[in-house]
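# Structure assessment
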Amino acid sequence: MNQSQSLPTVAIFGLGIIGSQAADHIAGGGYPSVTWSRNTRDRSDYEPDPKEAAEKADIVVCYLKDVEAVRQVFHTIKPVLGPAKTFINHATIDYETTEYLVAECAQMGCAFLNAPFTGSRVAAGNASLVYYAGGDEALISSLQPLLETTAAQIMRVPSPLAATILKLTTNLITASTVQALAEGLSINAAHGIPADTYLSAIQPNACASTLIEMKGPSMAEGDYDPHFSLSNMLKDARYMLDLAQRAGLETPGIANTTDQMQKRNDRGEGEHDFSILYRQFTQQ
Ligand SMILES: NC(=O)c1ccc[n+]([C@@H]2O[C@H](COP(=O)([O-])OP(=O)(O)OC[C@H]3O[C@@H](n4cnc5c(N)ncnc54)[C@H](OP(=O)(O)O)[C@@H]3O)[C@@H](O)[C@H]2O)c1
């Protein structure tokens, strides 16, 4: 038996910035695979019928956009899910949808792993995502080789819900940092200090971060080629606000950043990188 005959078949749903590259790595890892996305793709493994795609697979893996996409797709393929299948969610979703997937899969006897991730377009290309994996320990162990085709690290977290909460609250820092960086760049520019001088001043400072290194130069150049889209960061911010509300907390920092993202989104900038937050101060 050759390697691919012994590996489970994987269906990859959602061929966006991350899913398209993840699908290549999963196939490259020797897994027989099939892909589906809402809009047709020119790929030899593309299956236009989502139910067919799920039916052909042992493991369904989702890199879909948001809760609407995940719920719609899950509802469509639910009739072919069951005890012989595993459903893995990699999308960043909300509290309620995480609980919904846990309950639905448990009822069907379908194994479920919630594994949202950190890592952007470049990390997906390098197969170096980091998954926050919340689910049954034995299930995570059995899925480790598959997850490693796309990831540098699989971090086990206490539960599927914890994975969602950890992912959203790390994005809270990411969105807030980029908003702060946009404000800092603008104040410096208004006082005649060039962006590269400001970014050099940040480097030895305790506020320096990989994120600022990634986003600072492109923001200064007005380059908003999407690595992580504004519309996706905006939906994450809304899910974060829901988490805060559920906990009875007011979170004015992320609430204000959400308002700024909504304004940019309303101007039709949703598919640009979320660092387009800087546009509130420039017209680049
Ligand atoms: N990019 C990043 O840096 C990053 C980092 C961490 C987490 N994430 C999360 O990972 C997930 C995927 O991210 P991404 O950047 O790859 O997103 P993306 O480029 O926006 O791709 C989203 C995918 O969802 C599909 N989709 C959207 N609405 C749908 C609907 N109503 N029904 C069915 N399919 C729908 C799209 O299909 P079509 O293209 O076929 O229309 C596309 O394949 C998101 O939850 C995101 O928040 C992304």
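Our subject in this report is the structure included herewith. (Residues numbered from 1 in each chain as written. Predicted model: local features only at pLDDT ≥ 70, side-chain atom pairs only at ≥ 80, totals over all residues. Heavy atoms only, no water.)

## Focus: the pattern of salt bridges
Applying the stated rule across the entire model yields 13 salt bridges. Across the pair Asp45 and Arg43 runs a salt bridge, and its minimum N-O distance is 2.8 Å. Of the residues examined, Asp45 reaches a relative accessible area of 15% and is grouped as buried. Residue Arg43 is classed as partly exposed on the basis of its relative accessible area of 23%. One salt bridge connects Glu137 with Arg156, and the closest N-O pair in it is separated by 2.5 Å. Of this pair, Glu137 sits in helix α7 (residues 137–147) while Arg156 sits in strand β8 (residues 151–156); the two residues are 19 residues apart in sequence, bridging distant segments of the chain. Residue Glu137 is classed as partly exposed on the basis of its relative accessible area of 46%. Residue classification places Arg156 among the partly exposed residues on the basis of a relative accessible area of 34%. Because the salt bridges share partners, they merge into one network encompassing Asp24, Arg43 and Asp45. (Salt bridge = Lys/Arg side-chain N within 4 Å of Asp/Glu carboxyl O. Buried < 20%, exposed > 50% of the residue type's maximum accessible area, 1.4 Å probe, protein only. Helix = DSSP H or I, 4+ residues; strand = E, 2+ residues; numbered from the N terminus.)

## What about the sheet that holds β8?
Read across the sheet, three strands follow the order β6-β7-β8 without closing on themselves; strand pairing throughout is mixed. The sheet is open, and its two borders are formed by β6 (117–118) and β8, each paired with just one other strand. Where α7 meets the sheet, its contacts fall on β7 (129–133) and β8, and the angle it forms with β8 comes to roughly 175°. (Pairing = 2+ DSSP bridges. Contact = heavy atoms within 4.5 Å. Axes fitted to C-alpha atoms, helices over the stretch in contact; angles between N-to-C directions.)

## Here's the deal with the pairing of strand β1 (residues 10–13)
Taking every second residue as pointing to the same face, both faces of β1 are buried, with Val10 and Ile12 on one and Ala11 and Phe13 on the other. Here β1 runs beside strand β2 (residues 33–36); their pairing, made up of four bridges, is parallel. For Val10, the partnering residue across the bridge sits in β2 and is Ser33. Between the parallel elements β1 and β2, the chain passes through helix α2 (residues 19–28) in a crossover that is right-handed. Bridge analysis of β1 against strand β3 (residues 59–62) gives four bridges, and the strand direction is parallel. Bridge pairing links Val10 to Ile59 in β3. (Right-handed = clockwise from strand over helix to strand, strands pointing away.)

## As for helix α8 (residues 160–190)
Helix length check: α8, at 31 residues, gives a terminal C-alpha distance of 46 Å against a target of 45 Å (1.5 Å per residue), a fit within 8%. Just downstream of α8 lies Gly192, where phi reads positive at about 80°. (Expected span 1.5 Å × (residues − 1).)

## Observations concerning the site of the ligand
Close contacts around the ligand come from 25 residues, with Ile18, Ser37, Asn39, Lys65 and Lys235 the closest. For the ligand, a nitrogen atom lies 3.3 Å from a polar atom in the side chain of Gln72. Computed on the free molecule, the ligand has an accessible area of 910 Å², of which 90% lies beneath the protein chains in the complex. Looking at the shell around the ligand, the elements with two or more residues in it are α4 (67–77) and α11 (230–246). Per-element accounting of the shell around the ligand gives the leading share, three residues, to α11. (Near = heavy atom within 4 Å. Polar contact = N/O pair within 3.5 Å; in protein donor to acceptor, adjacent residues only side chain to side chain. Areas by Shrake-Rupley, 256 points an atom, 1.4 Å probe, with all protein chains shown as cover.)

## A word on the side chain of Asp66
Inspection of the secondary structure assignment puts Asp66 in the loop between β3 and α4. Lacking a salt bridge, the buried Asp66 has Lys65 as its closest oppositely charged neighbour, with an N-O distance of 5.7 Å. (Lys, Arg positive; Asp, Glu negative; His and termini not counted.)

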